[in-house]
Amino acid sequence: MIAGTVSARHEFLIRLPVRNAAGHEQEVEALLDTGFTGSLTLPPAVIANLGLPWVSREDAILANGAVEQFDIYAATVIWDGVARAILVEAIDATPLVGMTLLIGYDLRARVQIGGLVQIEAIP
Amino acid sequence: MTTRQPRYSGEEFSRRGQEIYDRVVRPSLRPEDEDKFVAIDIESDSYEIDRNDYAAVDRLLKRLPDAQIWLMRVGHRAAHRFGLRSYTRDSE
């Protein structure tokens, strides 16, 4: 099970280890965005620090309906103790976790500051 | 092994990728391909389709390690979406 916390702004925060091909890991604090259809975004500095490989470009639609283009990198995240290969958009902001990582999981949260967020595999 | 980098401008990725999608990918799509991801090599017309975005890109790179990939999603204006906004289905 992944345990996170509800932030002072009532966002769902989780800590997530991100790993490169050499096995080096960096833990990031990420916000769950249930409107994000991908897996994870990371700041360019983290991507550079891990030396994640560039793999693709894409358009993505932002919350205001605008379309922007992003660079995509390949990474491994340790999700609920299991290494998963994912695509990562490079965005210079707090990392976002998207719904692709949540497929197959229950999500529970006590939505009060400091409340518990639980992400658990569907039994 | 040289580090893979984009060799084209963003505008080129988008333009070439859309052109290959319209000419090569779209005619071969089946109804069950709706919502699948399409990874397109903008230099060779090669592409891979998968329900998982990473799988499509990975499979194309295994075939073509130097591919310059544009990622799309069948039936969608863009490969991914951030945040939520209400749309009627036709306008998305």
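Counting starts from 1 at the beginning of each chain's written sequence and moves along it residue by residue. Think of it this way: whatever chain is written first is A, whatever ligand is written first is 1, and the rest follow in order. Only residues with pLDDT of 70 or above have their local features reported here, since the model is predicted, and side-chain atom pairs are shown and tallied only from 80 upward, although totals for entire chains, interfaces and linings are computed over all residues. Excluded from the side-chain calculation are hydrogens and water; included are all heavy atoms of the structure.

In this section: the interface of chain A and chain B. Each partner contributes to the interface: chain A provides 31 residues, whereas chain B provides 27 residues. Contact between chain A and chain B buries roughly 2,600 Å² in total, counting both sides, with carbon and sulfur atoms accounting for 61%. Buried area adds together the accessible area that both of two parts lose upon being put together, with accessible area traced by a 1.4 Å probe. Ranking the residues of chain A by area buried against chain B places W54, I61 and L87 of chain A at the top, with a combined share of 26%. A pair is scored as a salt bridge if a Lys or Arg side-chain nitrogen falls within 4 Å of a carboxyl oxygen belonging to Asp or Glu. Here chain A is connected to chain B by one salt bridge. D59 of chain A is paired through a salt bridge with R77 of chain B; the nearest N and O atoms lie 3.0 Å apart. For this analysis, a polar contact is any N or O atom pair within 3.5 Å, provided that within protein one partner can donate a hydrogen and the other can accept it, and provided that sequence-adjacent residues contribute only side-chain to side-chain pairs. Here chain A and chain B share 15 residue pairs in polar contact (both at pLDDT 80 or more) between them. Segments assigned H or I by DSSP are reported as helices when at least four residues long, segments assigned E as strands when at least two residues long, and all are numbered from the N terminus. Put simply, the parts of the chain that give the side of chain A that touches chain B at least two residues each are β5 (54–61), β6 (67–79) and β7 (82–90) of chain A. Here the element with the most residues in the side of chain A that touches chain B is β5 of chain A; it accounts for eight residues. Residue type decides the class: Asp, Glu, Lys and Arg count as charged, Ala, Val, Leu, Ile, Met, Phe, Trp, Tyr, Cys and Pro as nonpolar, and the leftover types, Gly among them, as polar. Residue composition of the side of chain A that touches chain B, grouped by class: 15 nonpolar, 10 polar and six charged. Alignment of β5 of chain A against strand β3 (residues 69–73) of chain B, held across three bridges, turns out to be parallel. By definition in these notes, contact holds between two residues if any of their heavy atoms fall within 4.5 Å. If DSSP finds at least two bridges between two strands, the strands pair.

The subject of this paragraph is unusual backbone geometry. The phi angle at D80 of chain A is positive, at roughly 55 degrees, despite the residue not being glycine. Assignment of secondary structure puts D80 of chain A in the loop between β6 and β7. To sort residues, take the accessible area from a 1.4 Å probe on protein chains only and compare it with the maximum for the residue type: under 20% means buried, over 50% means exposed, and anything in between is partly exposed. D80 of chain A sits in the partly exposed class, given a relative accessible area of 24%. Residues other than glycine seldom take positive phi values, yet D45 of chain B does so here, at roughly 70 degrees. You can see D45 of chain B is positioned in the loop between β1 (37–41) and β2 (47–50). On the basis of relative accessible area, D45 of chain B is assigned to the partly exposed category, the value being 28%.

On to the pairing of strand β3 (residues 25–32) of chain A. All names here are of chain A. When strand β2 (residues 12–19) meets β3, the two strands line up antiparallel, connected through seven bridges. Within β3, the residue paired with I14 across the bridge is A30. Here β3 runs beside strand β8 (residues 96–97); their pairing, made up of two bridges, is parallel. Bridge pairing in β8 links L31 to L96.

What follows deals with the confidence of the model for chain B. The predicted model of chain B has a mean per-residue pLDDT of 92, with 89% of residues at 70 or higher. In the predicted complex, the global pTM is 0.94; the interface-specific ipTM is 0.95. One confidence number per residue, pLDDT, is output by the predictor and ranges from 0 to 100.

Here the focus is the side chain of R73 of chain B. By the element assignment, R73 of chain B lies in strand β3. An unpaired buried charge is present at R73 of chain B: no salt bridge exists, and D35 of chain B, the closest side chain of opposite charge, is 4.8 Å distant. Contacts of R73 of chain B, omitting those with residues within four sequence positions, involve T37 of chain A together with D35, K36, F37, A78 and A79 of chain B. Positive charges come from Lys and Arg, negative ones from Asp and Glu, while His and the chain ends are left out of the count.

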